[in-house]
Amino acid sequence: MTKFDDNEAIPTLGEMKALGRIVIGAALVAVGGWISFPVPFFGVVPLSLQTFFVIFCGLSEGPRNGALAAGLYLLAGFLGLPVFTGGLGGPAILFRPSAGFALAFPLGAILAGLASRQRLDQYDFFKGFICCALGSLVILTGGLIGLVINTDLDWRAAAALAYSFLPGVLAKSAAAAPLGQKSFSK
């Protein structure tokens, strides 16, 4: 922050741009929950773009700002805005089977954002893919825990359900990784 006088601090243009990207990232995560489509060879689980936008926020904005975007999405939902999948909002979401997935979004964005810590000339697809896949696996693990807590499923059944998303994780990580190269050249 830049000091205007002794009592006021005004944000710099760079800080305002970063805040704008965080807000846009949170909005993309919300919209991504509404965009899903069936993929026949992935089984019965539809492919949603929500986790794609979570890992993309981490990858493009870095661990801190990616986590802030995911956290802002969660805060908006907890405050009652209908940003959660299906148009839901409010703290009751904590008792739904999908709660663990959403609560793991900030940590997933942090792990995906580790790829952004590399210098532009050292970034490559494989490093980006690994960071995105790790972030997504953390989200799946959070989902697994949420399934066990909020349903009658035992660990084995919950794991089978949560990890049925694994092909989607690999596809979204492969799609996000090359975008990291572009985002570093902002």
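Everything below is about the structure shown above.
The paragraphs below set out a description of the structure included in this document. (Residues numbered from 1 in each chain as written. Predicted model: local features only at pLDDT ≥ 70, side-chain atom pairs only at ≥ 80, totals over all residues. Heavy atoms only, no water.)

### Let's talk about the pattern of salt bridges
Here is step 1 of the chain: Counted under the stated rule, the structure contains 1 salt bridge.
Here is step 2 of the chain: We note a salt bridge from Glu61 to Arg21, for which the minimum N-O separation is 2.7 Å. Taken together, the residues span a long stretch of sequence, with Glu61 in helix H2 (residues 50-78) and Arg21 in helix H1 (residues 13-32) at a distance of 40 residues.
Here is step 3 of the chain: Since its relative accessible area comes to 33%, Arg21 is described here as partly exposed. (Salt bridge = Lys/Arg side-chain N within 4 Å of Asp/Glu carboxyl O. Helix = DSSP H or I, 4+ residues; strand = E, 2+ residues; numbered from the N terminus. Buried < 20%, exposed > 50% of the residue type's maximum accessible area, 1.4 Å probe, protein only.)

### Considering the packing of helix H5 (residues 125-150) against helix H6 (residues 155-162)
For any two helices packed against each other, one specifies the inter-axial angle together with the distance between the axes.
Here is step 1 of the chain: Remark: H5 packs on H6, axes separated minimally by 9 Å, with the N-to-C direction vectors making an angle of 140 degrees. With respect to each other, H5 and H6 are oriented oblique. Once H5 is placed against H6, the crossing between them reads as right-handed. Contact with H5, carried on its side by Leu140, Leu144, Ile145, Leu147 and Val148, involves Trp155, Ala158, Ala159, Leu161 and Ala162 of H6 and no other residues of that element.
Here is step 2 of the chain: Of the residues in the contact of H5 with H6, the class split is 10 nonpolar, no polar and no charged. (Axes fitted to C-alpha atoms, helices over the stretch in contact; angles between N-to-C directions. Parallel < 35°, antiparallel > 145°, perpendicular 65-115°, else oblique. Left-handed = near helix turned anticlockwise from the far one by under 90°. Contact = heavy atoms within 4.5 Å. Nonpolar A, V, L, I, M, F, W, Y, C, P; charged D, E, K, R; others polar.)

### So, the state of the cysteines
Here is step 1 of the chain: Evaluated as defined, the whole model comprises 0 disulfides.
Here is step 2 of the chain: Just so you know, Cys131 is unpaired, no disulfide at all, and the nearest cysteine sulfur is the one on Cys132, 7.0 Å from it. (Disulfide = S-S within 2.5 Å.)

### Side note on the side chain of Ser136
Here is step 1 of the chain: One can find Ser136 in helix H5.
Here is step 2 of the chain: Look past the residues within four positions of Ser136 in its chain and what remains in contact with it is Ile55, Val169 and Ser173.

### Things to note about the side chain of Ser173
Here is step 1 of the chain: Inspection of the secondary structure assignment puts Ser173 in helix H7 (residues 166-183).
Here is step 2 of the chain: Here the side chain of Ser173 touches Val169 through a polar contact of 2.8 Å, landing on its backbone oxygen.
Here is step 3 of the chain: Aside from chain neighbours lying at most four places away, what touches Ser173 is Ile55, Phe129, Cys132, Ala133 and Ser136. (Polar contact = N/O pair within 3.5 Å; in protein donor to acceptor, adjacent residues only side chain to side chain.)

### With respect to the environment of Asn65
Here is step 1 of the chain: Examined against the element boundaries, Asn65 turns out to sit in helix H2.
Here is step 2 of the chain: On a C-alpha basis, the gap between Asn65 and Arg21 in space is 8.4 Å, while along the polypeptide they are 44 residues apart.
Here is step 3 of the chain: Sequence-distant contacts of Asn65, defined by excluding residues within four places in its chain, comprise Ala18 and Ile22.
Here is step 4 of the chain: Within the structure, Asn65 has its side chain in polar contact with the side chain of Arg64 (distance 2.8 Å).

### Focus: the packing of aromatic side chains
Here is step 1 of the chain: Enumeration over the complete set of coordinates arrives at 7 aromatic pairs.
Here is step 2 of the chain: Taking the centre distance of 5.6 Å and the plane angle of 65 degrees together, the rings of Phe101 and Phe165 count as edge-to-face. Residue Phe101 is located in helix H3 (residues 99-103), and its partner Phe165 is located in the loop between H6 and H7; the two are separated by 64 residues in the primary sequence.
Here is step 3 of the chain: For Phe165, a relative accessible area of 32% gives the class partly exposed.
Here is step 4 of the chain: Each member of the aromatic cluster is reached from another via a ring pair, and the members are Tyr73, Phe78, Phe84 and Phe105. (Phe/Tyr/Trp six-rings, centres within 6.5 Å; stacked < 30°, edge-to-face > 60°.)

### So, the packing of H1 against H2
Here is step 1 of the chain: Viewed as axis vectors pointing N to C, H1 and H2 meet at an angle of 140 degrees, and their least axial separation amounts to 9 Å. Of the possible angle classes, the one that applies to H1 and H2 is oblique. The two elements H1 and H2 cross, and the hand of that crossing is left-handed. In this structure, H1 contributes Ala18, Arg21, Ile22, Val23, Gly25, Ala26, Leu28, Val29, Ala30 and Gly32 to the contact, and H2 contributes Gln50, Phe53, Val54, Cys57, Glu61, Asn65, Leu68, Ala69, Leu72 and Tyr73.

### Details of a nonpolar patch on the surface
Here is step 1 of the chain: There is a patch of nonpolar side chains on the surface, built from Phe125, Phe126, Ile130, Leu134, Leu137, Tyr163, Leu166 and Leu170 and spanning about 690 Å² of accessible area.
Here is step 2 of the chain: Sorting the residues of the nonpolar patch by element identifies H5 and H7 as the ones contributing at least two each.
Here is step 3 of the chain: Ranked by residue count, the leading element in the nonpolar patch is H5, at 5 residues.
Here is step 4 of the chain: Residue position: Leu166 is located in helix H7.
Here is step 5 of the chain: On the accessibility criterion, Leu166 (33% relative accessible area) is partly exposed. (Patch = residues over 30% accessible without salt bridge, like charges linked within 9 Å, V, L, I, M, F, W, Y side chains within 5 Å. Areas by Shrake-Rupley, 256 points an atom, 1.4 Å probe, with all protein chains shown as cover.)

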